[in-house]
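The residues making up each chain are set out below.
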Amino acid sequence: MLNKSQSISARLSAEDYAYLMSIDRNGAVTQSEKVRELIAMARESVGVESFARAYLASNETMLPIKTRCADEEPRSLLVEALLELVSEGAAAIQVCADQQPVAPVLEQKSLPAVEAFLEKILLIALQQEPRLADPQTAERIRHRLKMLLER
């Protein structure tokens, strides 16, 4: 049974020791603090709490459809934006799933993806001939935005 904390001893090469002591995160100064930060960094890089890891996993899942859509003509900015929103959204949901309360954290984590999606919607609405599979899509988006803005 482990106590509250355990003492460890390790022999490090000069290169590994230099790397350990170069860790500058969360105010780690002592060797013990730096080892704890190194462990935290390793956990973040492999755990579901890592947004980068969750994004790579969700992006890998979406890759076949993204590739298929990228190879089709005509390409659609709306479809590309949607697929990116789904990838980033799935990653944000995975990372925030264990948070209490989940809504504020998920809102903040997903906000960059939502903003990028809205920018592409606005681009579609403002361009004369946006890159879309169906030209009527742009007119429908313009009409809907106009209705929302008139409220």
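What counts and how
Residues numbered from 1 in each chain as written. Predicted model: local features only at pLDDT ≥ 70, side-chain atom pairs only at ≥ 80, totals over all residues. Heavy atoms only, no water. Core = buried A, V, L, I, M, F, W, Y, C linked by side-chain atoms within 4.5 Å. Buried < 20%, exposed > 50% of the residue type's maximum accessible area, 1.4 Å probe, protein only. Helix = DSSP H or I, 4+ residues; strand = E, 2+ residues; numbered from the N terminus. Contact = heavy atoms within 4.5 Å. Expected span 1.5 Å × (residues − 1). Bend = angle between axes of the 7 residues up to and from the residue. Axes fitted to C-alpha atoms, helices over the stretch in contact; angles between N-to-C directions. Parallel < 35°, antiparallel > 145°, perpendicular 65-115°, else oblique. Nonpolar A, V, L, I, M, F, W, Y, C, P; charged D, E, K, R; others polar.

(A) Structural detail: the nonpolar core. With 9 residues, the main nonpolar core is built from L77, A81, F117, I121, I124, A125, L132, A138 and I141. Residue assignment for this core shows that the elements contributing at least two residues are helix 4 (77–96), helix 5 (102–126) and helix 6 (135–150). With 4 residues, the single largest contributor to this core is helix 5. Those residues in contact with F117 that sit more than four places away from it in its chain are L78, A81, L82 and L85.

(B) Local environment of helix 3 (residues 51–71). In this model helix 3 runs 28 Å from its N-terminal to its C-terminal C-alpha over 21 residues, within 8% of the 30 Å that 1.5 Å per residue would give. Within helix 3, the axis deviates most sharply at L63, by approximately 50°, and proline P64 lies no more than four positions further along. Residues of helix 3 that are buried: A54, Y55, S58, M62, K66 and C69. Of the surrounding secondary structure, the elements contacted by the buried residues of helix 3 are helix 4.

(C) Just the packing of helix 4 against helix 5, in detail. At a minimum axis distance of 9 Å, the contact between helix 4 and helix 5 shows a crossing angle of 175°. With respect to helix 5, the axis of helix 4 lies roughly antiparallel. Contacts between helix 4 and helix 5 involve L77, L78, A81, L82, L85, E88, A92, I93, V95 and C96 from the first element and V102, V105, L106, K109, S110, A113, V114, F117, K120, I121, L123 and I124 from the second. Looking at side-chain class alone, the contact of helix 4 with helix 5 contains 18 nonpolar, 1 polar and 3 charged residues.

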